[in-house]
Amino acid sequence: MHYFDRLYPQNIIGAKCYFTGFDNRLLSRLSKSQREKHLVFVERKLKLQLLTNNCIIFGATQLTNETTYNFFKRNEVLLNEGLLIPALRNDKNGFDDLFGNKRIRKEVRKKRVEFYNSNIKYTANWDLIDNSKWFKQNFISELQTQNSVLRSNIKSISQPELSKLIQKIEETESLSREVIESNIKQFKLNERKSILNFRELLYHISGARVMDCESLIPQEEYIDYSLTDIEKRNTILSEYQIFNKLFLALAAESIKLKITKLDLFDYLEFEDILIIRQIIDNNNFRSHYQSFLRIIIEGFHKEKPDEILYNHQEIIRLQQILRSEFKDKIDNELDDFLAKMEKKRKLKSGLALGKGTVSIALGIASFIDPLYTLVGIVKDSPSTIVNITDLSSSKTELDRKKNYVEMRKNLLSKILDRKDFRDETILLDMVSLLSNYVSNDLKVNN
């Protein structure tokens, strides 16, 4: 018997993202000390995502592991306020079904199921057949496409070996992560790693897709074209598409909320995050940002110069509104709130807090043609701020990011010089404006 409401993704109103930090496979590979560090990472990511999303969706199977259970025992508010919503397969009757083949003692299983029944307010339905079909089609397509993201990372695998792998996957009725892993054991370590990284990327994007939400994926799982690949045209993208996607990534990065003092942020409770959420809600920032995000997503389908120019002019208009009318105001209110919190924490703990910076980078939704639009999250980039919430606490890291912004700006300028863009001067001005915003937001006083 369950006590929660089952929702369809389209009925979950407002901004939402898909979170993968509790993934069972990920946690099983970590030592005790690594798991502790990972939980710090998880808490930061959740706090930041709760500021720019109404709710966060995650796979319900992740509820079965001990780490996730203990985390929610400490933070019940995330479940009983409906802030984190587990995605429960539509053929599962309740949380008890999740433990079917798990090697967990009956009394432990009963305790966890009772806790989830008592605290989880909503679940989100999803269909296995639809999700598996999409996962299989896109994985095969990526293996078959010359100069695709994945193929560019597994060049040492011969065509006969590749064809055999594709055949094995095609013969599989329902593609799973286990099937892929079992069929790549003969490859070299680097190739296996690239395939598994891409498998994780695609698997979690497929979860975000069925939930109709922005994907939040561990940054270390990303692989993509390098800027060198793009500049040398070792991609499946046209020049217009390359320009478009680099520009859209830059536009998304140009809207950030900044919270100073990273270590203070770590000391904030989730109840404090609810107060900050109210500050953001009072300024209507979230709804305006969603309009901005939607037009960026629409921009991914633009290929003609005239369409690109019109779309990007509208993006710049909304970007200016967000920065001038909302972002700066919210930044000031957050500074006031956090100054009070810092004083409170100092008095309570006697801790001397540092000056690191947390940037809430509002990312590009990856459920729209994800294999085709991930230019910008590249293997030679320094922790690129696209489609994830970004944490920047090191001046060296910030400097590397600023250099990377400049590299992309130069590449965009080169493309404009080479191609017949109408009003290319306007586009150059837009690129410079966005690059300057991103560079300024990456500044930190240490």
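Look above for the structure.
Conventions used here
The written sequence of each chain sets the order in which its residues are numbered from 1. Local features are withheld for residues below a pLDDT of 70 in this predicted model, meaning they are given only at 70 or higher, and side-chain atom pairs are given and counted only at 80 or more; totals for whole chains, interfaces and linings count all residues. Derived side-chain values reflect all non-hydrogen atoms in the structure, with water molecules and hydrogen atoms excluded from consideration. Helix and strand labels come from DSSP, where a helix needs a run of H or I of at least four residues and a strand needs a run of E of at least two; each type is numbered from the N terminus. Buried, partly exposed and exposed residues are distinguished by accessible area as a fraction of the type maximum, computed with a 1.4 Å probe on protein chains only: under 20%, between the cut-offs, and over 50%, respectively. Contacts are assigned to residue pairs with any non-hydrogen atoms lying within 4.5 Å of each other. Areas reported as accessible are Shrake-Rupley estimates using a 1.4 Å probe. Residue values count occlusion only from the protein chains shown. Throughout, nonpolar core names a set of buried Ala, Val, Leu, Ile, Met, Phe, Trp, Tyr and Cys residues whose side chains join them through atoms within 4.5 Å. When a carboxyl oxygen of Asp or Glu is within 4 Å of a side-chain nitrogen of Lys or Arg, the pair counts as a salt bridge. Strands pair, by our definition, only if DSSP identifies at least two bridges between them. Consider the strands pointing away from the viewer: the crossover is right-handed when the path from the first strand over the helix to the second runs clockwise. Stacked, edge-to-face and tilted labels apply to pairs of Phe, Tyr and Trp rings (six-membered ring for Trp) whose centres lie within 6.5 Å, assigned for plane angles under 30 degrees, over 60, and everything in between, in that order. A pocket here means an open set of points on a 1 Å grid, computed over the protein atoms alone, that has protein on both sides within 12 Å along at least five of seven lines. A cavity is instead a set of points where a 1.4 Å probe fits but cannot get out; residues with an atom within 4 Å of a point line either one. Grid points are joined across faces, edges and corners, and a volume is the space filled by probe spheres set on the points.

**A word on the overall build of the protein chain**
- On a plain count of helices and strands, the protein chain comes out with 17 helices and 9 strands.
- Considering the protein chain as a whole, with its 446 residues, one finds that 56% of them fall into the buried category.
- Within the protein chain, counting contacts between residues at least 6 apart in sequence, those at least 24 apart form 81% of the total.
- When the accessible area of the protein chain is evaluated, it comes to approximately 20000 Å², of which 46% is carbon and sulfur surface.

**Some words on the nonpolar core**
- Grouped together as the largest cluster of nonpolar side chains are 73 residues, with contacts concentrated most on Phe72 and Leu84.
- At 12 residues, the largest contribution of residues to this core is made by helix α15 (residues 305-349).
- Not counting residues up to four positions away in its chain, the partners in contact with Phe72 are Phe22, Phe58, Leu63, Leu78, Leu79, Leu84, Phe115 and Tyr116.
- The next biggest cluster of nonpolar side chains, apart from the first, holds 23 residues, and it includes Trp134, Val149, Leu162 and Leu201.

**Points about the pattern of salt bridges**
- For the coordinates displayed, the defined rule picks out 9 salt bridges.
- Between Asp96 and Arg109 there is a salt bridge, with its nearest N and O atoms 3.3 Å apart. Taken together, the residues span a long stretch of sequence, with Asp96 in the loop between β4 (84-89) and α5 (106-119) and Arg109 in helix α5 at a distance of 13 residues.
- Here Asp96 falls in the partly exposed class, since its relative accessible area comes to 37%.
- In this structure, Asp130 engages Arg209 in a salt bridge whose closest nitrogen and oxygen atoms are separated by 3.1 Å. A residue pair is termed long-range when its members are at least 10 positions apart, and Asp130 in helix α6 (residues 128-144) and Arg209 in helix α9 (residues 189-210) qualify at 79 residues.
- Judged by relative accessible area, which is 38%, Asp130 ranks as partly exposed.
- On the basis of relative accessible area, Arg209 is assigned to the partly exposed category, the value being 22%.
- Each of Arg25, Glu178, Glu181 and Arg199 takes part in one network of salt bridges that share partners.

**Quick notes on the pairing of β4**
- Judged by how many residues are buried, β4 sits mostly within the fold: 5 of 6 residues are covered.
- Pairing geometry for strand β3 (residues 55-59) and β4, over 4 bridges, is parallel. Paired with Phe58 across the strands is Pro86, a residue of β4.
- Strand direction decides the pairing type here: β4 and strand β5 (residues 122-126), joined by 3 bridges, are parallel. Bridging from a neighbouring strand, Leu88 pairs with Asn125 of β5.
- One crossover worth recording links β4 to the parallel β5 by way of α5, and it is right-handed.

**Focus on the packing of aromatic side chains**
- Counted according to the given criterion, the structure contains 14 aromatic pairs.
- Judged by centre distance (6.1 Å) and plane angle (70°), the ring pair of Phe22 and Phe58 falls under edge-to-face. With a gap of 36 residues between them, Phe22 in the loop between β2 (16-19) and α1 (24-28) and Phe58 in strand β3 connect regions that are remote in the sequence.
- When the ring of Phe115 is compared with that of Tyr116, the centres are 5.5 Å apart and the planes differ by 65°; the resulting orientation is edge-to-face. Of the two residues, Phe115 and Tyr116, neither departs from the other in class, the shared state being buried.

**Examining the side chain of Lys409**
- Of note, Lys409 is situated in helix α16 (residues 395-418).
- Lys409 has contacts with Val431, Ser432, Ser435 and Asn436, leaving out every residue within four places of it along the chain.

**Side note on the layout of surface pockets**
- Computed from the structure, the largest pocket encloses a volume of approximately 910 Å³.
- Lining of the largest pocket is provided by 32 residues; of these, Thr61, Arg89, Trp126, Arg177 and Tyr203 occupy positions nearest its centre.
- Considering each element in turn, the lining of the largest pocket owes the most residues, 5 residues, to α9.
- Roughly 280 Å³ of volume is contained in the second largest pocket.
- Contributing to the lining of the second largest pocket are Asn24, Arg25, Leu27, Ser28, Arg35, Thr64, Asn65, Glu66, Thr67, Lys102, Arg103 and Ile104.
- Listed by contribution, the elements that provide at least two residues to the lining of the second largest pocket are α1 and α3 (66-74).

**What to know about the side chain of Asn119**
- Considering the arrangement of structural elements, one finds Asn119 in helix α5.
- With relative accessibility at 10%, the residue Asn119 sits in the buried group.
- Apart from the residues lying within four places of it in its own chain, the contact partners of Asn119 are Glu76, Leu79 and Asn80.

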